[in-house]
Amino acid sequence: MSVALFTLGGTIAMAGAGPGGVVARLTGAQLTAAVPGLADLAEPLEVRDVEAVPSAALTYRQILDLVDAAGAAVAAGATGVVVSQGTDTLEETAFLADLVWPHAAPLVFTGAMRNPTLAGPDGPANLLAAARVAAAPAARDLGVLVVFNDEVHAARFVRKTHSTSTATFASPNTGPLGHVIEGEVRLLTRPARHAPLPPVDRDRLATTRVALHTVTLDDDVALLDAVARGRQGLVVAGFGVGHVPPDFAPALGALAERIPVVLTSRTGAGAVLRHTYGAVGSETDLQRRGLLNGGLLDPYKARVLLRVLLAAGAGRAEIADAFARHG
């Protein structure tokens, strides 16, 4: 038995200095060789370098191809899979993977905030903890996980909450599922797992576009038509519990007659309400105009889910049902 490691570059794999700063140079073998204790694990790592790119350059197709490769590794006997990548988009890539990951074996995403040229790089500790979680029987049937700072998070709950802190990944609505303590994986809670979505048509996904608009104070309603033009769906990050300026309400209602429009909160935690406020631009008013409630999903995860659903040809009823389950 083994744990498969797929490396995608990012801060965790950076070393040396180029003209503009650190550059990605470490292969998976070099990365793992620098981790004390990794060679002593009961299950060895099988390293597979994928593509050393910044996470900002990743695409949905690359992540779905990676999920396929990870699934093939599990089918060939791997106990679990670890993916190392940059942290900029990790909350989105892990959630995308979680939507389609069908296996009981853990698929664990990790990375680093401090590259190896800095004092106290966190990559080695994160990689070791992630490998331990991927091999742990307790981590099975939890879907895709994010392991950072010795904390175990569910991909569907986790967010990057700080631009530089090594404790950047947190799950504001739930807290972590568990911790890695003295090398032991301790899971404290086991949320019910959602059934994976059907396979996604990669070509259709590449042409499916979903816009995201974050509402701000004294916002310009004319931006809505511009941002939604040529898009098959729209996610709105509203104020607080799901509110927008009054003049946005009819414009969003008109858009919702043409494309799915999902209402989320820009706050980063908590749910969009359903029937507490009734003024124009409130959550009740917007739902009456056809907007779909994003629930607890943050705007970034809502956008991932909506794009995958649209690429699968889901209709409005199917989309509403999916957001009711995942949100």
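This structure is a prediction, so every number in the text was calculated from the model and none was measured. (Residues numbered from 1 in each chain as written. Predicted model: local features only at pLDDT ≥ 70, side-chain atom pairs only at ≥ 80, totals over all residues. Heavy atoms only, no water.)

Draft legend 1. The pairing of strand β13 (residues 210–214), seen in detail. Pairing of β13 with strand β14 (residues 233–238) involves five bridges; the strand directions are parallel. What sits directly across from Ala211, in β14, is Leu234. Running through helix α6 (residues 222–228), the crossover from β13 to the neighbouring parallel element β14 is right-handed. (Pairing = 2+ DSSP bridges. Helix = DSSP H or I, 4+ residues; strand = E, 2+ residues; numbered from the N terminus. Right-handed = clockwise from strand over helix to strand, strands pointing away.)

Draft legend 2. A look at the sheet that holds strand β12 (residues 184–187). Strands sit in the order β4-β1-β5-β6-β7-β8-β11-β12 across an open sheet of eight strands; the sheet is mixed. The open sheet is flanked by β4 (45–49) and β12, the only strands paired with a single partner. On average, each strand axis in the sheet is tilted by 25° relative to the strand beside it, whichever way the strands run. The pairing of strand β11 (residues 178–181) with β12 spans four bridges and is antiparallel. Paired with Val180 across the strands is Val185, a residue of β12. Each of β6 (107–110) and β7 (144–148) is contacted by helix α3 (residues 90–100), which is oriented at about 170° to β6, the strand it contacts most. Relative to the sheet, helix α4 (residues 123–135) contacts β1 (2–7), β4, β5 (78–84), β6, β7, β8 (151–154), β11 and β12, its axis offset from that of β5 by approximately 150°. (Axes fitted to C-alpha atoms, helices over the stretch in contact; angles between N-to-C directions. Contact = heavy atoms within 4.5 Å.)

Draft legend 3. Molecular detail of helix α2 (residues 60–75). Taking 1.5 Å per residue as the helical rise, α2 with its 16 residues ought to reach 22 Å, and the 23 Å between its terminal C-alpha atoms agrees with that figure. Inspection of α2 places Tyr60, Ile63, Leu64, Leu66, Val67, Ala70, Gly71, Ala73 and Val74 among the buried residues, and these make up the whole buried set. Gly77, located one to two residues past α2, shows a positive phi value of around 120°. (Expected span 1.5 Å × (residues − 1). Buried < 20%, exposed > 50% of the residue type's maximum accessible area, 1.4 Å probe, protein only.)

Draft legend 4. Spotlight on α3. The buried fraction of α3 is high, at 10 of 11 residues. Three or more residues of α3 are buried, namely Leu90, Glu91, Thr93, Ala94, Phe95, Leu96, Ala97, Asp98, Leu99 and Val100.

Draft legend 5. Representation of the environment of Arg303 within the structure. With respect to the helices and strands, Arg303 occurs in helix α9 (residues 299–311). Residues Arg303 and Val236 lie 67 residues apart in sequence; the distance between their C-alpha atoms is 9.3 Å. Each residue touching Arg303, except ones within four places of it in the same chain, is listed here: Tyr60, Val210, Leu212 and Val235.

Draft legend 6. Region of the structure containing the environment of Ala135. Tracing the backbone through its elements, the reader meets Ala135 in helix α4. A relative accessible area of 21% places Ala135 in the partly exposed class. Considering only alpha carbons, one finds Ala135 and Ala254, 119 residues apart in sequence, at a separation of 50 Å. The residues touching Ala135, leaving out its near neighbours within four places in the chain, are Val3, Glu43 and Thr79.

Draft legend 7. Inspection of the packing of aromatic side chains at higher detail. All chains considered together, the criterion is met by one aromatic pair. Taken together, a centroid distance of 4.8 Å and an interplanar angle of 50° make the contact between Phe148 and Phe169 tilted. Taken as a pair, Phe148 in strand β7 and Phe169 in strand β10 (residues 169–170) lie far apart in primary sequence, 21 residues in all. Each member of the pair, Phe148 together with Phe169, is buried. (Phe/Tyr/Trp six-rings, centres within 6.5 Å; stacked < 30°, edge-to-face > 60°.)

Draft legend 8. Just the side chain of Ser84, in detail. You can see Ser84 is positioned in strand β5. If we ignore the near neighbours within four places in the chain, the residues touching Ser84 are Leu5, Phe6, Thr7, Leu8, Gly9, Ile12, Leu31 and Thr110.

Draft legend 9. Inspection of the pattern of salt bridges at higher detail. In total, this model carries 11 salt bridges according to the counting rule given. Across the salt bridge formed by Glu46 and Arg48, the nearest N and O atoms sit 3.4 Å from each other. Owing to a relative accessible area of 39%, Glu46 belongs among the partly exposed residues under this scheme. One salt bridge in this structure joins Arg202 and Asp65, with 2.6 Å as the shortest N-O distance. Of the two residues, Arg202 sits in helix α5 (residues 202–207) while Asp65 sits in helix α2, which places them 137 residues apart along the sequence. (Salt bridge = Lys/Arg side-chain N within 4 Å of Asp/Glu carboxyl O.)

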